[in-house]
Amino acid sequence: MAITFDERWFLGPDGRSRMRHVYSAGDLIGRVWRWHEDEPGEMIHEWFTAERMNGASYEPIAGEHATFEEALEHIVTYSVAQ
C-alpha cells in the first residue's frame, strides 16, 4: 500500500492552521492538520490532528499528536482497519 501526501501545507479557513491530504494508492483516505499557538514572548506550541475519510466527510481520530508522522500513522492504521 503506497501512502502519499501533499508536498505542501494548505492554509486552513482560520488563516493559522495548515492541512495536508493523505492518499493510499491514489485514493484520498484522510487529512492531517497542523496547529500552532504563539503568544508574545512565549515559545510557539505546535501540534497535529488527524481525520480519516468516512464516506463523503472527515472524521477526527485519536486526538492531538506531537508530530506529523504520528498523526499520519493513525490515519494509515484506521484506514487499514476498515
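Everything numeric in this text was worked out from a predicted model, so none of it was measured.

K.L.:
Explain the pattern of salt bridges residue by residue, including any values.
P.N.:
One pass over the full model with this rule turns up 3 salt bridges. In this structure, Arg 52 and Glu 59 form a salt bridge, with 3.0 Å as the shortest nitrogen-oxygen distance. Of the residues examined, Glu 59 reaches a relative accessible area of 26% and is grouped as partly exposed.

K.L.:
Account for the side chain of Ser 79, naming residues and giving values.
P.N.:
Relative to the helices and strands, Ser 79 resides in helix α1 (residues 68–81). In terms of polar contacts, Ser 79 uses its side chain to reach the backbone carbonyl oxygen of Ile 75, at 2.9 Å.

K.L.:
Before we move on, can you summarise the nonpolar core with the specific residues and values?
P.N.:
By size, the foremost hydrophobic cluster in this structure holds 11 residues: Trp 9, Val 22, Ile 29, Val 32, Phe 48, Ala 50, Ile 61, Phe 68, Ala 71, Leu 72 and Ile 75. Looking at this core, the elements with two or more residues in it are β4 (27–37), β5 (45–54) and α1. Ranked by the residues each element gives to this core, the list is headed by α1, at 4 residues. When near neighbours in sequence (up to four residues on either side) are disregarded, Ile 75 contacts Val 22, Ile 29, Gly 30, Arg 31, Val 32, Ala 50, Glu 51 and Ile 61.

K.L.:
Now, about the packing of aromatic side chains: what can you tell me, with residues and values included?
P.N.:
Here the structure, examined in full by the defined rule, presents 4 aromatic pairs. For the pair Phe 5 and Phe 68, a centre-to-centre distance of 4.9 Å together with 70 degrees between the ring planes defines the contact as edge-to-face. Here the residue Phe 5 occupies a position in strand β1 (residues 3–5), and Phe 68 occupies one in helix α1, the gap between them amounting to 63 residues. Residue Phe 5 is classed as partly exposed on the basis of its relative accessible area, which comes to 34%. On the basis of relative accessible area, Phe 68 is assigned to the buried category, the value being 7%.

K.L.:
Can you lay out the pairing of strand β6 (residues 57–65) for me, pointing to particular residues and giving the numbers?
P.N.:
Across 7 bridges, the pairing between β5 and β6 is antiparallel. Bridge pairing links Arg 52 to Glu 59 in β6. Linking two consecutive strands that pair antiparallel, namely β5 and β6, is a turn of 2 residues; a positive phi of about 70 degrees is found at Gly 55 within it.

K.L.:
Explain the side chain of Arg 31 to me, and be specific about the residues and the numbers.
P.N.:
With respect to the helices, strands and loops of the structure, Arg 31 is situated in strand β4. Each residue touching Arg 31, except ones within four places of it in the same chain, is listed here: Met 19, Arg 20, His 21, Val 22, Thr 49, Ala 50, Glu 51, Tyr 58 and Ile 75.

Here is what the cut-offs are and how they apply
- Residues numbered from 1 in each chain as written.
- Predicted model: local features only at pLDDT ≥ 70, side-chain atom pairs only at ≥ 80, totals over all residues.
- Heavy atoms only, no water.
- Salt bridge = Lys/Arg side-chain N within 4 Å of Asp/Glu carboxyl O.
- Buried < 20%, exposed > 50% of the residue type's maximum accessible area, 1.4 Å probe, protein only.
- Helix = DSSP H or I, 4+ residues; strand = E, 2+ residues; numbered from the N terminus.
- Polar contact = N/O pair within 3.5 Å; in protein donor to acceptor, adjacent residues only side chain to side chain.
- Core = buried A, V, L, I, M, F, W, Y, C linked by side-chain atoms within 4.5 Å.
- Contact = heavy atoms within 4.5 Å.
- Phe/Tyr/Trp six-rings, centres within 6.5 Å; stacked < 30°, edge-to-face > 60°.
- Pairing = 2+ DSSP bridges.

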